[in-house]
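Chain by chain, the residues run as shown.
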Amino acid sequence: MSPSLFNFVDVKDKFTVAARHALTGKTCKPLVTSFNQIPGNETEKKTTLDQALRGVLGDQIVEQKASCDDYLSLIYLSIDAVTEGICSATTPFVLLGDVLDCLPLDLCDKIFSFVEENVSTWKSNSFYSAGKNYLLRMCNDLLRRLSKSQNTVFCGRIQLFLARLFPLSEKSGLNLQSQFNLENVTVFNKNELESTLGQKSTNEKEEGMEVEEGEMGEEDAPAQSSIPIDYNLYRKFWTLQDYFRNPVQCYDKFLWMTFLKFSDETLAVFKSYKLDDMQASKRKLDELRGSDGEHVYFAKFLTSEKLMDLQLSDSNFRRHILLQYLILFQYLKGQVKFKSSSCVLNDDQTTWIEETTKLVYQLLKEIPPDGDKFASMVEHILDTEENWNSWKNEGCPSFVKERTVDDKPKRPTRKRQAPEDFLGKGPDRKIFMGNDELTRLWNLNSDNMEACKSDSREFMPSLDEFFAEAIEQADPVNMVEDEYKVVRNPNYGWRALRLLSRRSPHFFQPTNQKFKSLADYLDSMVSKLAKELPKDIPSEEIKTGEEDDDDNGDNLLKESNDSPSIQSKAVTNQQMDDIAAKLGARWKMLASHLEMKAAELREIETDSEDVEMQAKLLLVAWQDREGTQATVESLVTALNAAGFSQIADILSEA
C-alpha cells in the first residue's frame, strides 16, 4: 500500500488550531505535539507551520482586536518553535516584518523595543545567518517611514541597534567609497533684492518671529548684537555649506579661491566678535540638567535672515561651523583609497589649511563654556578617525584575530639506527635511492648541487650529431634490426623529444598520422631529418629562437640589478584610473581572467552605478586579494587574455 500524500490544507488547519492553543496557554507544547503526530516530510511540515503562524498573525491584524502584546506573544512562540526545530529560522523575522508593515508608527515603537531587547537572541548561531538580512531590510523600511526631524530619537535607536547587531567589519554598514550626501542642500535666500537685512521694522515686536520650540525663551532674548550683518556676509556664510557638503569642489582652482575668500571673512567675524556673556547659555544648561535629559531637540540649520544675528551669537552654532571646517580639512589632507588621482593639494593650499586649522582650534578654545576641554576632545576624536580611515584603506580587515594555540612540546621518540652505508657515512659513502639508476646518478658526484652548476652541463647537441647514429641505423643498406636501433631505448627517446622541441620545426607541425609507440614516431622523424640535414643545411641553422630568448633573458637578469623589471612592478593608483577609464562598461570581460567570483561582481555592481567606478573597484579588489603578487606583468597577462591588447601594450610601456 503506497503512503498517503501530504495534504497541505488539512495540516495547516491542524497547526493553526495548535498555534491558538499554544498562545492561550503561552507554551510551545501543543505545537510540538501536533508536529510529531502529523506524518510527512520534515521540510514539508516546517513550511506548513510557517504558513500557519503567518495566517494566525494575519487574522489578528485583520480583526484589529489584538494588542502589541498579542503580536509579541506569537513572535515569542515562533522563537520557541525554532529552538525546538519545528519551524524555519526565518519565521520570527517574517512575522516581525509583517507586524511593522501593518502598524502605525507609535505602535512600531513598542514592537521595536522588543527587537532591541532580544538582540542577543538575533546574534545567536540559530538566528543570525538566517535573519540578518531580514532585520536590515526591516530597519531600512522603518527609516524610510520615519521623519529625521520629527522622529529623531527613533531613528537613532534603529542605527544603534544595527551597530550592536552587525560586526564592525560588516561592509553593508560602511561607506567604503567615501561618498558624500550630495542631497543635503542648504537652502537660503540668494536674491539680494528680496533681502530684509538692514531694513528696520517698527512693528517687528508686535508681529513677532516664529522660533522653534526649545531654541529661545522669553528670558533668553539677547541684547542688540554688535556684529555688523549685511546680505554679503549672509550669502558668503551660507555658501560655505555647499563646500562642506561636497569637499571635492575644493580641488577645483576657481572654486577653491571662492572658498578661501568666504572662509577668511567668516573666520574674521568669529575672531573679531567673541562671545563673553554666557548668562543665557548657563540658564539653558541648568534647564537641561534639571530635566534629566528629557528635553531633546533636533539640531538643524535655519537660514532665515532674521536668525543670523542670533546664530552668530550662539556658542553651539559657532562650534558646529568650526567643527565642519576641521572635518573638511581632514578629508582634504588625508589619504583616501577611492579619491581620484587628480585630487591633490598644492603647497599654497596645504599651508593655508595648516594655518587655518590652528586658528580654528584657537577659536574653539575661546568659545565658552569649557572651550579648552571641548577643543582637546575634538582633536582626540579626529586623531582616532585617522585610524578608521587607515582601516578602510586596507580593505576593512576583520578585527577578529585567530587565537594562537601553544603547541605542547612533543615527547622525543627513539629512532632506530639506520645502516651506515644507507646514510652515506660508511666506508663506501654511498647513498642508496631505492633504484639502481637513481643510486648511480645520485652518487656520480659528492656534491650534487655543485655538479648541477658545472659548465660541462650547459650544452645542447645539434640535430645531425644526436641523430647521426639513428639515421645510419635507419638506412636499409646497413640491415640493422629494429630491436637493436637506438630509437628503441627509452632514455634516448626522452632526450630526442626534448631536442626536437628545441631544434626542429617538425615537432610542432600537426599530423593525422597515428603512431603506436614512441619508437615509431622517432622513426618517422629520423626519415624526415635524413632528407634535410646531412649535406646542405647545418643543424645549427634550424632553431626556434630559444638561444635568442636565453640571451635576452640573461640580459634582463643583468639589467634587473639596476632597475625593477615588469615582473616586480606594482600597479599604481594612476595606472588603475587609466585602465578603468579605458575599460568602462567592458570591465566584466576582464573580471573572469582576474578570477573574480560572481558574488564579488554583484557586490561591485551594488556599490556603484558608474561603470568607470565599477572597473576601478574591480582592480582594487584584485589588488587587495593578490597583495604583492598584483604586479604589472600579471595584469598585462590578464588584459591580453581578455582581448584588451592595446591597453596591455600601453601598460607595459608605462
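Keep in mind it's a predicted model, so treat the numbers as computed, not measured.

Undergrad: I would appreciate a short explanation of the overall build of the chain in the present structure.
TA: When helices and strands are tallied, the chain shows 29 helices and zero strands. Sorting the 654 residues of the chain into buried and exposed places 33% on the buried side. Accessible surface computed for the chain: about 43100 Å², of which carbon and sulfur atoms make up 50%.

Undergrad: What should I look at first to understand the pattern of salt bridges in this one?
TA: Using the criterion set out here, one finds 15 salt bridges in the structure. The residue D523 makes a salt bridge to R488 at a minimum N-O spacing of 3.9 Å. One end of the pair, D523, is in helix 22 (residues 518-532); the other, R488, is in the loop between helix 20 (463-474) and helix 21 (490-503), and 35 residues separate them in sequence. Taking the relative accessible area as the measure of exposure, D523 reaches 24% and is therefore partly exposed. Residues K588 and E605 are paired through a salt bridge, measuring 2.3 Å at the closest nitrogen-oxygen approach. In this pair, K588 sits in helix 25 (residues 587-591) while E605 sits in helix 26 (residues 598-607), placing the two residues 17 residues apart along the sequence.

Undergrad: I would appreciate a short explanation of helix 2 (residues 29-37) in the present structure.
TA: It helps to recall that an α-helix has 3.6 residues per turn; residues three or four apart then point in one direction. Listed in full, the buried residues belonging to helix 2 are L31, S34 and F35. All buried residues of helix 2 fall inside an arc of 100° around its axis, so they share one side. Relative to its buried face, helix 2 has exposed residues pointing more than 90 degrees away, namely K29, N36 and Q37. Against helix 1 (8-25), helix 3 (42-63) and helix 4 (68-84) lie the buried residues of helix 2.

Undergrad: Would you take a moment to explain the state of the cysteines for this structure?
TA: In protein chemistry, a disulfide is the covalent bond that joins the sulfur atoms of two cysteines. A full pass over the atoms with the stated rule returns zero disulfides. We note that C28 lacks a disulfide partner, and the nearest cysteine sulfur, in C87, lies 8.0 Å from it.

Undergrad: Explain the confidence of the model for the chain here, please?
TA: Note that predicted coordinates carrying low pLDDT should not be read in detail. Per-residue confidence for the chain gives a mean pLDDT of 80, with 80% of residues at or over 70. The element-level mean pLDDT for the chain is lowest in helix 23 (residues 546-559), coming to 44, with helix 16 (residues 347-366) highest at 95. For the stretch residues 200-224, pLDDT sits under 50, and the model shows 15 contacts to residues farther than four places along the chain or on other chains. The low-confidence segment residues 293-298 (pLDDT under 50) makes seven contacts with residues lying over four places distant or belonging to another chain.

Undergrad: Even after reading the chapter, I still don't get the environment of D383, so can you show me in this structure?
TA: Within the secondary structure, D383 sits in helix 17 (residues 371-393). The class for D383 is partly exposed, based on a relative accessible area of 47%. Separated by 53 residues in sequence, D383 and Q330 place their C-alpha atoms 9.5 Å apart.

Undergrad: I tried to follow a nonpolar patch on the surface on my own but got confused; where do I start?
TA: Side chains of M433, L438, L441, W442 and L444 sit close together on the surface and give an oily, nonpolar patch of about 490 Å² of accessible area. Note that M433 resides in the loop between helix 17 and helix 18 (436-442). Since its relative accessible area comes to 36%, M433 is described here as partly exposed.

Undergrad: Help me understand the packing of helix 3 against helix 5 (residues 91-102), please; the structure alone is not making it clear to me.
TA: When two helices pack together, their arrangement is captured by the angle between the axes and the distance separating the axes. Two elements in contact, helix 3 and helix 5, have axes separated by 10 Å at closest approach and are oriented at 20°. Here helix 5 runs roughly parallel to helix 3, going by the angle between their axes. In the packing of helix 3 onto helix 5, the handedness of the crossing is right-handed. Judged by residue contacts, D50, L53, R54, L57 and I61 of helix 3 engage T91, V94, L95, D98, V99 and C102 from helix 5.

Rules and cut-offs
Residues numbered from 1 in each chain as written. Predicted model: local features only at pLDDT ≥ 70, side-chain atom pairs only at ≥ 80, totals over all residues. Heavy atoms only, no water. Helix = DSSP H or I, 4+ residues; strand = E, 2+ residues; numbered from the N terminus. Buried < 20%, exposed > 50% of the residue type's maximum accessible area, 1.4 Å probe, protein only. Areas by Shrake-Rupley, 256 points an atom, 1.4 Å probe, with all protein chains shown as cover. Salt bridge = Lys/Arg side-chain N within 4 Å of Asp/Glu carboxyl O. Arc of directions from axis to C-beta. Contact = heavy atoms within 4.5 Å. Disulfide = S-S within 2.5 Å. pLDDT = per-residue confidence, 0-100. Patch = residues over 30% accessible without salt bridge, like charges linked within 9 Å, V, L, I, M, F, W, Y side chains within 5 Å. Axes fitted to C-alpha atoms, helices over the stretch in contact; angles between N-to-C directions. Parallel < 35°, antiparallel > 145°, perpendicular 65-115°, else oblique. Left-handed = near helix turned anticlockwise from the far one by under 90°.

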